[in-house]
Amino acid sequence: MTFDQRPSTSRRFTFGPILRYCLVKHHSVGSYTQRMKLLHVEVVLDREKHMELAKSEYDVLKELDDEATSYAILSHRWGEEVTFKEMIGLMKMETRKKDEVRKCYGYQKIIKSCEQALKDGYKWLWIDTCCIDKRSSSELPEAINSMYRWYQSAQVCYAYLSDVDELAVLAERDYRKFGQSSSWPEWFMRGWTLQELITPKQVEFFNQDWTHIGSKRLLAPTLEVITGIPREVLRDGLVSKRLSVAQIMSWAARRKTTRVEDRAYSLMGLFGVNMPMVYGEGKKAFQRLQLEIIRVSSDHSIFARRPLMPRTGGVLAEDPSDFRYGGRIRKIESDEFVGRLMEYIESNKLGDPRRIGVLRYDARTHRRELAVLRDAVHSQQFRVSNAGIQVCLPVIPLPDSPSHFKATLACAYVWGLVTIDLVFSGSSFDRVPDIDTIPRTHPEFKTLYGLVLTAFLRPLDNGTCNLGKTLAVCFISLLESFHMLCIQTCRYLPVTFP
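Calculation rules
Residues numbered from 1 in each chain as written. Predicted model: local features only at pLDDT ≥ 70, side-chain atom pairs only at ≥ 80, totals over all residues. Heavy atoms only, no water. Helix = DSSP H or I, 4+ residues; strand = E, 2+ residues; numbered from the N terminus. Contact = heavy atoms within 4.5 Å. Areas by Shrake-Rupley, 256 points an atom, 1.4 Å probe, with all protein chains shown as cover. Pairing = 2+ DSSP bridges. Axes fitted to C-alpha atoms, helices over the stretch in contact; angles between N-to-C directions. Disulfide = S-S within 2.5 Å. Buried < 20%, exposed > 50% of the residue type's maximum accessible area, 1.4 Å probe, protein only. Phe/Tyr/Trp six-rings, centres within 6.5 Å; stacked < 30°, edge-to-face > 60°. Expected span 1.5 Å × (residues − 1). Polar contact = N/O pair within 3.5 Å; in protein donor to acceptor, adjacent residues only side chain to side chain. Arc of directions from axis to C-beta. Salt bridge = Lys/Arg side-chain N within 4 Å of Asp/Glu carboxyl O.

Chemist: I'd like to hear about the overall build of the chain, residue by residue, with values.
Modeler: Counting secondary structure elements, the chain contains 17 helices and 16 strands. Restricting to contacts in the chain with at least 6 residues of sequence separation, those with at least 24 account for 69%. Accessible surface for the chain amounts to roughly 22,600 Å². Of this, 51% is attributable to carbon and sulfur atoms.

Chemist: Kindly report on the sheet that holds strand 8 (residues 212–215), identifying the contributing residues and their values.
Modeler: Here seven strands make up an open sheet; going across it, the order is 3-2-5-4-6-7-8 and the pairing mixed. Sheet topology places strand 3 (61–65) and strand 8 at the edges, where each strand pairs with a single neighbour. Between one strand and the next, the sheet's axes are offset by a mean angle of 35 degrees, whatever the strand orientation. Contacts from helix 6 (residues 139–153) reach strand 2 (35–40), strand 4 (71–76), strand 5 (124–126) and strand 6 (156–160) within the one sheet, and its direction differs from that of strand 4 by about 110 degrees.

Chemist: Which residues make up the state of the cysteines, and what are the values?
Modeler: Linking two cysteines covalently via their sulfur atoms produces the bond known as a disulfide. What the rule picks out here adds up to zero disulfides. No disulfide involves C131; its sulfur sits 4.2 Å from the nearest other cysteine sulfur, which is in C130. Accessibility expressed as a relative area gives 2% for C131, which makes it buried.

Chemist: So what about the pairing of strand 8? Which residues, and what values?
Modeler: For strand 7 (residues 203–206) and strand 8, the ladder comprises three bridges, and the chain directions are antiparallel. Counted as the bridge partner of F206 is H212 from strand 8. Count of turn residues in the strand 7/strand 8 antiparallel hairpin: five residues, of which W210 carries a positive phi of about 65 degrees.

Chemist: Describe unusual backbone geometry, naming the residues involved and giving the relevant values.
Modeler: Its identity is not glycine, yet W210 carries a phi of approximately 65 degrees, on the positive side. In this fold, W210 is placed in the loop between strand 7 and strand 8.

Chemist: Can you explain the pairing of strand 6? Please cite residues and give values.
Modeler: Within strand 6, five of the five residues are buried, which leaves it mostly tucked inside the rest of the structure. In strand 6, alternate side chains face the same way, and those of V156, Y158 and Y160 on one face and C157 and A159 on the other are all buried. Sheet topology note: the strand 4/strand 6 ladder contains five bridges and is parallel. Residue pairing across strands places H76 opposite Y160, the latter belonging to strand 6.

Chemist: Could you give an account of the packing of aromatic side chains, with specific residues and numbers?
Modeler: Aromatic ring pairs: the centre-centre distance and the angle between the two ring planes describe each pair. Here the structure, examined in full by the defined rule, presents ten aromatic pairs. Judged by centre distance (4.8 Å) and plane angle (10 degrees), the ring pair of Y160 and W210 falls under stacked. You can see Y160 sitting in strand 6 and its partner W210 sitting in the loop between strand 7 and strand 8, a full 50 residues away along the chain. With relative accessibility at 13%, the residue W210 sits in the buried group. When the ring of Y265 is compared with that of Y279, the centres are 5.2 Å apart and the planes differ by 90 degrees; the resulting orientation is edge-to-face. Of this pair, Y265 sits in helix 11 (residues 262–265) while Y279 sits in the loop between helix 11 and helix 12 (284–296); the two residues are 14 residues apart in sequence, bridging distant segments of the chain. Judged by its relative accessible area of 1%, Y265 is buried. Of the aromatic side chains, those joined through ring pairs into one cluster are Y158, Y160, F206 and W210.

Chemist: Got a sec to walk through helix 13 (residues 334–347)? Specific residues and values, please.
Modeler: Counted at 1.5 Å a residue, the expected span for helix 13 with its 14 residues is 20 Å, and the 20 Å between its end C-alpha atoms agrees. Along helix 13, the residues that are buried comprise S334, F337, V338, R340, L341, M342, Y344, I345 and E346.

Chemist: I'd like a description of the side chain of T69, backed by residues and values.
Modeler: Tracing the chain through its elements places T69 in the loop between strand 3 and strand 4. A residue is classified by how much of its surface remains accessible, and T69, at 11% relative accessible area, is buried. Within the structure, T69 has its side chain in polar contact with the backbone oxygen of D65 (distance 2.8 Å). Look past the residues within four positions of T69 in its chain and what remains in contact with it is L38, L64, W124 and Q155.

Chemist: Hey, could you go over helix 8 (residues 220–227) for me, with residue numbers and the actual values?
Modeler: A220, L223, I226 and T227 are the residues of helix 8 that are buried. Projected down its long axis, helix 8 shows its buried positions confined to an angular sector of 115 degrees, all on one face. Looking at the buried side of helix 8, the elements it contacts are helix 7 (193–198), strand 7, helix 9 (231–236) and helix 10 (245–252). Backbone geometry just after helix 8 places G228 at a positive phi near 80 degrees.

Chemist: Explain the pattern of salt bridges to me, using residue names and the numbers behind them.
Modeler: Per the counting criterion, the structure on display carries 24 salt bridges. Taking the shortest distance from any N to any O, the salt bridge between R135 and D133 comes out at 2.9 Å. Relative accessible area serves as the criterion here: at 55%, R135 is assigned to the exposed category. Between R295 and E292 there is a salt bridge, with the nearest N and O atoms lying 3.5 Å from each other. Pair noted here: R295 and E292 are both in helix 12, with a separation of three residues, about one helical turn. Taken together, the salt bridges that share partners define one network made up of R35, K37, E63 and E139.

The structure is reproduced here in structure tokens:
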């Protein structure tokens, strides 16, 4: 996907603020209830205890609503698992088949989870392997879209670390033991376990022998080192900290999933979005996820990808690994963005030095120019349509390359605003590797505007377009120093990508 430049019919000046992505709204449990299949802990254990008896019917699973039920939930790394069909049909199997199921790794995990739940006083337990009928074309996608909610509603989550045989294993890296998973237990490197770590109120960790290691709250400092997730988020959830899209994406950057589509699907709940499951679409799933995020958030950090190997192409990321360096990017509100833009312009001496002097020493002019820019920023929003996404960005043309621009995003590192490099290729903007230089020449508005269809320019009385006269009309405010792709006197020039 690329930025595509197209004239708009709107006369409204629409460069404006980042619409705040309210995590509280998108991540709170809704007022409606949902049905979920839960294991009846006592019935499962009773069936296992009396497996040799003639009774063949045990209602080990029951459908209940998630809000009215107190239940425990399991988070684990998949191996040889027991399916929904096997779990409900165990007593009807032939003896040989029944014994095979009972001896397998997945079944023993179910029994141990039930024992722990019963010990902790929980009557119901949810496990993704056997509580979802994956034969149903409707049940699986509904469960995936509901999974964040179900982990959020659980009273406790048991995180089972199947490759850990010691209690102190989380104290330090072990490349010899966990060389295939970045020197930490594999559970921490899987895609789905990210939301399973963040979302539940209480997470208790167990080793392969079901010996208790510790709680999420107690282990938060160590878990922060392992995962990059701030300890405030681990202790109090996403609402405890004002987070950017890039920050959340960075937590998933090094995680893996068996299916490439699950790298996107496993993040839906963390961003408060839902979308259809289309296994087989490959990396398109992650692009769809980004589009859904943009529909509910105008956080510019979604464009702040920094792939490990720089590449030219679309503005959207290919997968979460493109955000591996996004952990320190924070989104900023419009007032701070305006202030930082002013500082950037003045500190780098962009634009006409005489104008900079006026802005610096004439307080009245400074306030007026600042008000113009602030009003512009307050009216900004993303637009999503079948033509793509429209977003207005401040851009500076590079002096040695008329088609190369630096665009500034309304998000920041500790040391300054985030910028991305774009190249205009006739009809669209492509993302290109960044150039580590700050342009110091006047940002030529005509460089970008000259690449737009001349029919979009303001016509003179004789029906012709005079670019110079049009530009002269525009050079009336701070916009002359930092071109906005959104010019108040020249309608709205969006940046769009399909």
